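Summary of structural features
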Amino acid sequence: MRIDIITSVPKLLESPFSHSILQRAQDKGLVEVVVHDLRQYAINKHGQIDDYAYGVGAGMVLMIEPVYKCLMRLQSEREYDEVIYMTPDGDSFEQKTANQLSLKKNIIILCGHYKGVDERIRQHFVTREISIGNYVLSGGELAAAVIADAVIRLIPGVLSDETSALTDSFQDGLVAPPVYSRPADFKGMKVPDILLSGNDAKIEDWRFQQALDRTKEKRPDLYKKYTGEE
Ligand code: ADE
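Residues numbered from 1 in each chain as written. Predicted model: local features only at pLDDT ≥ 70, side-chain atom pairs only at ≥ 80, totals over all residues.

The next subject is the confidence of the model for the protein chain. Low pLDDT marks regions whose predicted coordinates should not be analysed in detail. With 99% of its residues at a pLDDT of at least 70, the protein chain reaches an overall mean of 95. Reported for the predicted complex are a pTM of 0.93 and an ipTM of 0.98. (pLDDT = per-residue confidence, 0-100.)

Following this line, the structure appears as structure tokens:
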């Protein structure tokens, strides 16, 4: 998979992909993340990529031309399955979206900045608009990093134990059950006996019940959906 990220602040995206699982995924050749500096497509030698919004006093907008040029350049090099625009008024990002995107070959993520991007880019070139929550970030870069992280870890072969993505919270509609590690007794705080029993079937039942109870308590919205209860 290849993920191209278009941004006016490339420095913000220098680090998130250079560590841990995301770096290993790239080292293994399972994903390529390429960050493009929009300023390289500026309309003049001053590096201009934004301008005032028509009809509004304040607020800068990413101009159509630099974004268009960058998109055309990328699309002349390969076919893209999606051009995603990060914006607080987009569709909310869910595990389901991450699952869908992890099956794509090439995607472009365009990060908004300032007041956003010229609407004509959204109308004519963007195939999907995504929000990571009901709050406004100063740009789409951190949101793009969130999406890329959630997607990359789902690509087959990225996680060493492939089943671990399948047992993530939300993957089956429930939050994950509690987990423990050694020691079994730390200053009197004990790991539940069942987990030390060696009875795999019983442990599986226990984990499922814990996931149910936890979902009911912490995410009643998901619990209702899962059980169909009102
Ligand atoms: N850009 C600014 N805020 C955002 C958000 N909440 N989600 C996605 N992109 C954004």
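Spanning 14 residues, helix H2 (residues 64-77) covers 20 Å between terminal C-alpha atoms, matching the ideal 20 Å at 1.5 Å per step. Those residues of H2 that sit buried are Pro66, Val67, Cys70 and Leu71. The arc that holds every buried residue of H2, seen down its axis, measures 125°, which confines them to one face. Turned more than 90 degrees away from the buried face of H2, the exposed residues are Met72 and Ser76. For H2, the secondary structure elements touched by its buried residues are strand S1 (2-7), strand S2 (32-37), strand S4 (60-62), strand S5 (82-92), strand S6 (106-111) and helix H4 (119-124). (Helix = DSSP H or I, 4+ residues; strand = E, 2+ residues; numbered from the N terminus. Expected span 1.5 Å × (residues − 1). Buried ≥ 20, exposed ≤ 12 C-beta atoms within 10 Å, placed from the backbone. Arc of directions from axis to C-beta. Contact = placed C-beta atoms within 7 Å.)

Taken from the UniProt record, the annotation "binding site: S-adenosyl-L-methionine" (unreviewed entry) applies to Gly112, Ile132, Gly133, Asn134, Tyr135, Val136 and Leu137. Tracing the sequence through the fold places Ile132 in the loop between strand S7 (128-131) and helix H5 (141-152). Aside from chain neighbours lying at most four places away, what touches Ile132 is Phe93, Ala143 and Val146. In this structure, Tyr135 sits in the loop between S7 and H5. Judged by the 7 C-beta atoms lying within 10 Å of it, Tyr135 is exposed. (UniProt positions renumbered as here; feature names shortened; annotations may be inferred.)

Judged by how many residues are buried, S1 sits mostly within the fold: five of six residues are covered. Where S1 and S2 come together, six bridges link them in parallel fashion. Paired with Arg2 across the bridge in S2 is Glu32. A crossover connection joins S1 to the parallel S2 through helix H1 (residues 20-27); in handedness this β-α-β unit is right-handed. Two elements, S1 and S6, share five bridges in a ladder whose sense is parallel. Bridge pairing links Arg2 to Asn106 in S6. (Pairing = 2+ DSSP bridges. Right-handed = clockwise from strand over helix to strand, strands pointing away.)

Time to look at the nonpolar core. Membership of the largest hydrophobic core comes to 42 residues, with the highest contact counts inside it found for Ile5, Val67, Ile84, Met86, Ile109, Leu110 and Ala144. Those elements that place two or more of their residues in this core are S1, S2, S4, H2, S5, helix H3 (95-102), S6 and H5. A per-element tally of this core places H5 first, with seven residues. (Core = buried A, V, L, I, M, F, W, Y, C linked by C-beta atoms within 7 Å.)

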